[in-house]
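A closer look at the structure
Take a look at the letters that make up each chain.
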Amino acid sequence: MINRILNFPRAVKRVLMMSFDTLMISFALYAALALRMWEFAGNLTPDISEWPWVFWLAPAICIPAFAVFGLYRLMIRYIAPQSLM
């Protein structure tokens, strides 16, 4: 499985990393809101119905910023196969 991923073209690896980053940014935002709202409401399920646009806006800002700063290019270039395990 890992050898198969390592043999993907660079563009496919970059798209996979961007997709994973999109999920992780959304999850991190949800976790931050849950912890912040837990302080007031006492539960870990925040009411995000007021801010659905934030879950689209955060990745829309972060992913292009990561690409502009060259994060994906550097990660693909210098990642070791042992790091994927």
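Scroll up to find the structure this text is about.
Structural notes, computed from the coordinates. Keep in mind that this is a model prediction, so the values were computed, not measured. (Residues numbered from 1 in each chain as written. Predicted model: local features only at pLDDT ≥ 70, side-chain atom pairs only at ≥ 80, totals over all residues. Heavy atoms only, no water.)

1. Digging into the nonpolar core
Soluble globular proteins tend to bury their nonpolar side chains together. Membership of the largest hydrophobic core is limited to eight residues, which are I25, L29, L33, V54, F55, A58, I63 and Y72. Going through the elements one at a time, α2 (10-41) and α3 (54-68) are the ones with two or more residues in this core. The element best represented in this core is α3, accounting for four residues. Not counting chain neighbours up to four residues away, the residues in contact with L29 comprise V54, F55 and A58. (Core = buried A, V, L, I, M, F, W, Y, C linked by side-chain atoms within 4.5 Å. Buried < 20%, exposed > 50% of the residue type's maximum accessible area, 1.4 Å probe, protein only. Helix = DSSP H or I, 4+ residues; strand = E, 2+ residues; numbered from the N terminus. Contact = heavy atoms within 4.5 Å.)

2. Considering the packing of aromatic side chains
The tally for this structure, following the rule as stated, stands at one aromatic pair. Their ring planes at 65 degrees and their centres at 6.3 Å tell us that F66 and Y72 sit as a pair that is edge-to-face. F66 gets classed as partly exposed once you look at its relative accessible area, which sits at 28%. A relative accessible area of 2% places Y72 in the buried class. (Phe/Tyr/Trp six-rings, centres within 6.5 Å; stacked < 30°, edge-to-face > 60°.)

3. Notes on the side chain of D21
Within the secondary structure, D21 is located in helix α2. One buried charged residue, D21, remains without a salt bridge, the closest side chain of opposite sign being R14 at 10 Å. Apart from the residues within four sequence positions on either side, D21 is in contact with I63, F66 and Y72. (Lys, Arg positive; Asp, Glu negative; His and termini not counted. Salt bridge = Lys/Arg side-chain N within 4 Å of Asp/Glu carboxyl O.)

4. Quick word on the environment of D47
With respect to the helices and strands, D47 occurs in the loop between α2 and α3. Accessibility expressed as a relative area gives 49% for D47, which makes it partly exposed. Sequence separation of D47 and A34 is 13 residues, and the distance between their C-alpha atoms is 8.7 Å.

5. Brief notes about a nonpolar patch on the surface
A contiguous nonpolar patch, built from M1, I5, V12 and L16 and spanning about 380 Å² of accessible area, is present on the exposed surface. Position of M1 among the secondary structure elements: in the segment before α1 (2-6). (Patch = residues over 30% accessible without salt bridge, like charges linked within 9 Å, V, L, I, M, F, W, Y side chains within 5 Å. Areas by Shrake-Rupley, 256 points an atom, 1.4 Å probe, with all protein chains shown as cover.)

6. Examining α3
The terminal C-alpha atoms of α3, which comprises 15 residues, lie 21 Å apart, in line with the 21 Å expected from a rise of 1.5 Å per residue. The set of residues buried in α3 consists of V54, F55, A58, P59 and I63. Taken down its axis, α3 places every buried residue within 140 degrees of arc, on the same side. Facing away from the buried side of α3 by more than 90 degrees, the exposed set consists of W56, I61 and V68. (Expected span 1.5 Å × (residues − 1). Arc of directions from axis to C-beta.)

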